[in-house]
Amino acid sequence: MPIRTGLIAGMGIAALGLAGFALYGSGLVGGNGGLASGPCAGSAPAVARIAAAAKGEVAGMTALPRAKPAPDIAFKGPDGGETSLAALKGRVVLMNLWATWCAPCKAEMPALDRLQGALGGPDFSVVAINVDTRNLDKPAEWLKQAGIQHLPFYADPGGRVLPIVQRDADSAGLPTTLLIDGAGCTLGVMKGPADWSSPAGLALIRAAVGRGS
């Protein structure tokens with residue numbers, strides 16, 4: 001009888017071991033090798049698309065190894081009121097930080113304006129946030145003089161956004177640009193300027209949105 005009892009107990013332990021493998025080994029429960037999870041797990045296909053589309057004039061767009069929640073930032077909207085990245089969820093956002101004292105920023109602004117004019121709509125927006133903290137009338141006046149017609153004016157005169165984004169993107173300079181999907185997840189980062197309205201730039205954004213070429 002003790003032998004039979006030990007045999008039954010051993011079979012029970014083996015069954016539990018198999019059950020554990022079925023749960024952990026299959027990824028149904030957390031642990032090493034589990035299925036991708038978290039708030040940005042569904043963004044993996046978009047990351048793959050932009051990694052493949054980052055060519056030519058936008059080859060500097062670096063797709064993240066894994067999408068992550070975009071930084072939690074607030075700034076001034078076109079009406080002067082407070083808004084945030086979270087308020088823009090539901091559309092792909094190309095968020096660009098720029099300043100009037102940054103020559104490369106100003107050089108790429110017309111291309112961002114053309115990109116917004118070409119592809120801007122309910123599923124995509126360029127959100128160019130000015131980070132000047134002095135001479136606060138100057139940025140909007142510069143945009144007007146530069147003939148920028150399609151970009152709404154976003155600004156952070158309080159200086160809150162720049163350090164958060166630079167830390168999040170590991171980018172010390174300007175311009176810095178984040179590509180963020182409709183779920184509010186960062187897909188990729190561009191450090192430095194680019195010709196966003198080039199064929200390669202348009203193809204990159206179409207890939208991010210999922211419109212095709």
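Quick look at the structure, then.

Scoring rules and cut-offs
Residues numbered from 1 in each chain as written. Predicted model: local features only at pLDDT ≥ 70, side-chain atom pairs only at ≥ 80, totals over all residues. Heavy atoms only, no water. Axes fitted to C-alpha atoms, helices over the stretch in contact; angles between N-to-C directions. Helix = DSSP H or I, 4+ residues; strand = E, 2+ residues; numbered from the N terminus. Parallel < 35°, antiparallel > 145°, perpendicular 65-115°, else oblique. Left-handed = near helix turned anticlockwise from the far one by under 90°. Contact = heavy atoms within 4.5 Å. Nonpolar A, V, L, I, M, F, W, Y, C, P; charged D, E, K, R; others polar. Buried < 20%, exposed > 50% of the residue type's maximum accessible area, 1.4 Å probe, protein only. Right-handed = clockwise from strand over helix to strand, strands pointing away. Pairing = 2+ DSSP bridges. Arc of directions from axis to C-beta.

1. Considerations on the packing of helix α3 (residues 103-119) against helix α6 (residues 199-209)
Turning to step 1, where the next piece is worked out: Between α3 and α6, the least distance of the axes is 11 Å, while the angle of their chain directions is 50 degrees. Considering their axes alone, α3 and α6 lie oblique with respect to each other. In this structure, α3 meets α6 at a crossing whose hand is right-handed. Along the contact surface, α3 presents L115, A118 and L119, while α6 presents L202, I205 and R206.
Turning to step 2, where the next piece is worked out: Looking at side-chain class alone, the contact of α3 with α6 contains five nonpolar, no polar and one charged residues.

2. Topic: the pairing of strand β5 (residues 124-130)
Turning to step 1, where the next piece is worked out: Counting buried positions along β5 gives seven out of seven residues, so the element sits mostly inside the fold.
Turning to step 2, where the next piece is worked out: Residues F124, V126, A128 and N130 of β5 are buried on one face, and the alternating residues S125, V127 and I129, pointing to the opposite face, are buried as well.
Turning to step 3, where the next piece is worked out: Since strand β4 (residues 92-98) and β5 lie parallel, the crossover through α3 that links them has a hand, and here it is right-handed.
Turning to step 4, where the next piece is worked out: Note: β5 against strand β6 (residues 154-155), two bridges, orientation parallel. In the strand pairing of β6, N130 is matched with A155.
Turning to step 5, where the next piece is worked out: In this region the chain leaves β5, passes through helix α4 (residues 138-145) and returns to the parallel neighbour β6; the handedness of that crossover is right-handed.

3. A word on helix α2 (residues 44-53)
Turning to step 1, where the next piece is worked out: Along α2, the residues that are buried comprise A46, V47, I50 and A53. Down the axis of α2, the buried side of the element spans an arc of 135 degrees, and every buried residue falls inside it.
Turning to step 2, where the next piece is worked out: For α2, the elements touching its buried residues are β1 (62-69), β7 (176-180), β8 (185-191) and α6.

4. What about the environment of L94?
Turning to step 1, where the next piece is worked out: Among the structural elements, L94 can be located in strand β4.
Turning to step 2, where the next piece is worked out: Given a relative accessible area of 0%, L94 falls into the buried group.
Turning to step 3, where the next piece is worked out: Separated by 92 residues in the primary sequence, L94 and T186 place their C-alpha atoms 9.8 Å from one another.

On their own, these measurements won't tell you what the molecule is for.
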